[in-house]
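In case you want the letters, here they are:
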Amino acid sequence: MTGVSGATMEWVASRQVFRPTLAVAVLLAAFLSNAPSQAQSVGYLVPAPAKDNVQAKPKYECDAPDAPVITLDTQSKYRQDDAQRATIDEEAEETYSDAVEPLRAYGKTLARIANAYVKSNPKNTAAAACALTWLDHWASAKAMTDLRSKQAHFNLGQALGGFALAYLQIRNAPDLSDEQKKRVEAWLKTLGRQIVDAKETGKGVSGRNNHRYWAGLSAAAAGIASGDKRLTDWGIDSARIGLAQITPEGTLPLEINRGKRARDYHIFAAEPLVATAELAHSQGINLYAEHGGALSRLVNRVVESLDDPSFFKTATGIKQEPYPGDGTVPPHRIAWLEIHESRHASPKAQTVLSPKRPVASSGIGGNTTLLFHDED
């Protein structure tokens, strides 16, 4: 046990007057240091609404679900002669983007629909029913069950978490079809186990780098959504694989190895680790406290580098790739920071987030400003 749980703290008092000891003071300090720093917003596990907080005649313009992606056979977009996997092969990138676009588009639309339900007040159950219909359409078709390459398994690892987190947002809405929910939960469990099987049989760096963290998020989210504790535990333990590697300086050695993209891959790796920490918290597990607060060290390192990559330039000996567009970090790349801020607020992170809000990433449930930022 690396931290003090806030779930239960028993104080045993005798008939004598209670006098704090040094041990108690230390325990209390540890408890307070690991407690949430500000009030939580709705989060991922959206509860059922009160009966008087539901629209009497809900309406939502629900488009027909996208065609399911059943078979996927993608290849890496990076040059195969680049050991750091940092140089993009333009032709391979175009082929790759075309192949994954339907998967990305589905995830973005699904998150937007689920977020619409969360945002509605009173609750628009038609939006929840629409999200469930989208999920059920892919579940009924056994989408993403025919993966024919290593990269395709990576793609599933990055996508399933978003599907499951969208479902968690709407599953407690009233009047949803039980049959649809059963199909969706069975599908999420199937895909989660598919991810675990691929990782358990695979060897090499991808079992310890950002691929594993994304696979872990997907497994944890699918496990919670389907009631599969083994999946949930595997996902949380996958995050621990990353936390155990975080250095005192807040870096991940395997992502440092990405050379000119080291900063980018630290941002990318932080996203599933923070989202998984939030899911673990819902299960009574405080990943933030493990390995001496390693996750916050990583987050702080990333935040410091967002507008100044000099640390990573020094660490790798290579100038870091600039952001596209206006030169600032794109909002979707820091959507996970909203989750961390809801637990451990910092002025620097607030400065980064404020002009970018609302921030959203479909891989971690969509609009995290909606889910985790307390407007009050």
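Here we summarise the structure given alongside this text. (Residues numbered from 1 in each chain as written. Predicted model: local features only at pLDDT ≥ 70, side-chain atom pairs only at ≥ 80, totals over all residues. Heavy atoms only, no water.)

## Focus on the overall build of the chain
- Counting its secondary structure elements, the chain contains 14 helices and four strands.
- For the chain, the proportion of contacts with a sequence separation of at least 24, taken over those separated by at least 6, is 76%.
- Put simply, the chain shows about 18000 Å² of open surface, and 52% of that area lies on carbon and sulfur atoms. (Helix = DSSP H or I, 4+ residues; strand = E, 2+ residues; numbered from the N terminus. Contact = heavy atoms within 4.5 Å. Areas by Shrake-Rupley, 256 points an atom, 1.4 Å probe, with all protein chains shown as cover.)

## Some words on the state of the cysteines
- Counted according to the given criterion, the structure contains one disulfide.
- Paired by a disulfide, Cys-62 and Cys-130 hold their sulfur atoms 2.0 Å apart. Across the disulfide from Cys-62 to Cys-130, rotation about the S-S bond amounts to roughly 80 degrees, and the bridge is consequently right-handed. Residue Cys-62 is found in the loop between helix 1 (22–34) and strand 1 (71–72), and its partner Cys-130 is found in helix 3 (residues 125–140); the two are separated by 68 residues along the sequence.
- Residue class for Cys-62 comes out partly exposed when judged on its relative accessible area of 35%. (Disulfide = S-S within 2.5 Å. Buried < 20%, exposed > 50% of the residue type's maximum accessible area, 1.4 Å probe, protein only.)

## As for unusual backbone geometry
- The omega angle of the peptide bond from Asn-121 to Pro-122 is 5 degrees, so this bond is cis rather than trans.
- Mapped onto the elements, Pro-122 comes out in the loop between helix 2 (90–119) and helix 3.
- A cis amide bond links Arg-357 with the next residue in sequence, Pro-358, at an omega value of 0 degrees.
- Relative to the helices and strands, Pro-358 resides in the loop between helix 13 (347–353) and strand 3 (360–361).
- Its identity is not glycine, yet Lys-142 carries a phi of approximately 55 degrees, on the positive side.
- Among the secondary structure elements, Lys-142 is positioned in the loop between helix 3 and strand 2 (146–147).
- The backbone of His-291 shows a phi angle near 55 degrees, a positive value even though the residue is not glycine.
- Among the secondary structure elements, His-291 is positioned in the loop between helix 9 (262–282) and helix 10 (294–305).

## Looking at the environment of Ala-139
- For Ala-139, the position within the fold is in helix 3.
- Taking relative accessible area as the criterion, Ala-139 reaches 9% and is therefore assigned buried.
- Leave out the neighbours within four places in its chain, and Ala-139 touches Arg-183, Val-184 and Trp-187.

## Considerations on helix 2
- The largest bend in helix 2 comes to about 45 degrees, at Val-100, with the proline Pro-102 one to four residues further on.
- Looking at where helix 2 begins, the residue whose side-chain oxygen comes 3.1 Å from the main-chain nitrogen of Glu-91 is Asp-89. (Bend = angle between axes of the 7 residues up to and from the residue. Polar contact = N/O pair within 3.5 Å; in protein donor to acceptor, adjacent residues only side chain to side chain.)

## Structural notes on the nonpolar core
- Core analysis: the biggest nonpolar cluster contains 91 residues, and Phe-163 and Leu-188 have the highest contact counts within it.
- If you tally residues by element for this core, the top one is helix 4 (residues 150–170), at eleven residues.
- In this view, Phe-163 contacts Leu-103, Tyr-106, Gly-107, Leu-110, Leu-135, Trp-138, Trp-187 and Leu-188; residues no more than four positions away in its chain are not counted. (Core = buried A, V, L, I, M, F, W, Y, C linked by side-chain atoms within 4.5 Å.)

## Focus on helix 6 (residues 210–226)
- The end-to-end C-alpha distance of helix 6 is 24 Å, a good match for the 24 Å that 17 residues give at a rise of 1.5 Å each.
- In terms of residue burial, helix 6 counts as a mostly covered element, since 17 of its 17 residues are buried. (Expected span 1.5 Å × (residues − 1).)

## Notes on the packing of aromatic side chains
- This structure, assessed with the given rule, holds nine aromatic pairs.
- Between Tyr-106 and Phe-163 the ring centres are 5.2 Å apart and the planes differ by 85 degrees, which places this aromatic pair in the edge-to-face class. On the criterion of sequence distance, the pair formed by Tyr-106 in helix 2 and Phe-163 in helix 4 is long-range, its members being 57 residues apart.
- Aromatic pair Trp-138 and Phe-163: ring centres 6.0 Å apart, planes at 75 degrees, arrangement edge-to-face. One end of the pair, Trp-138, is in helix 3; the other, Phe-163, is in helix 4, and 25 residues separate them in sequence. Of the two residues, Trp-138 and Phe-163, neither departs from the other in class, the shared state being buried.
- Each residue in the set Tyr-106, Trp-134, Trp-138, Phe-163 and Trp-187 is aromatic and connected to the rest through ring pairs, giving one cluster. (Phe/Tyr/Trp six-rings, centres within 6.5 Å; stacked < 30°, edge-to-face > 60°.)

## Some points on the environment of Leu-135
- Topologically, Leu-135 is positioned in helix 3.
- Classification of Leu-135 by relative accessible area gives buried; the value is 0%.
- Leu-135 has contacts with Tyr-106, Leu-110, Phe-163, Tyr-167, Val-184 and Trp-187, leaving out every residue within four places of it along the chain.

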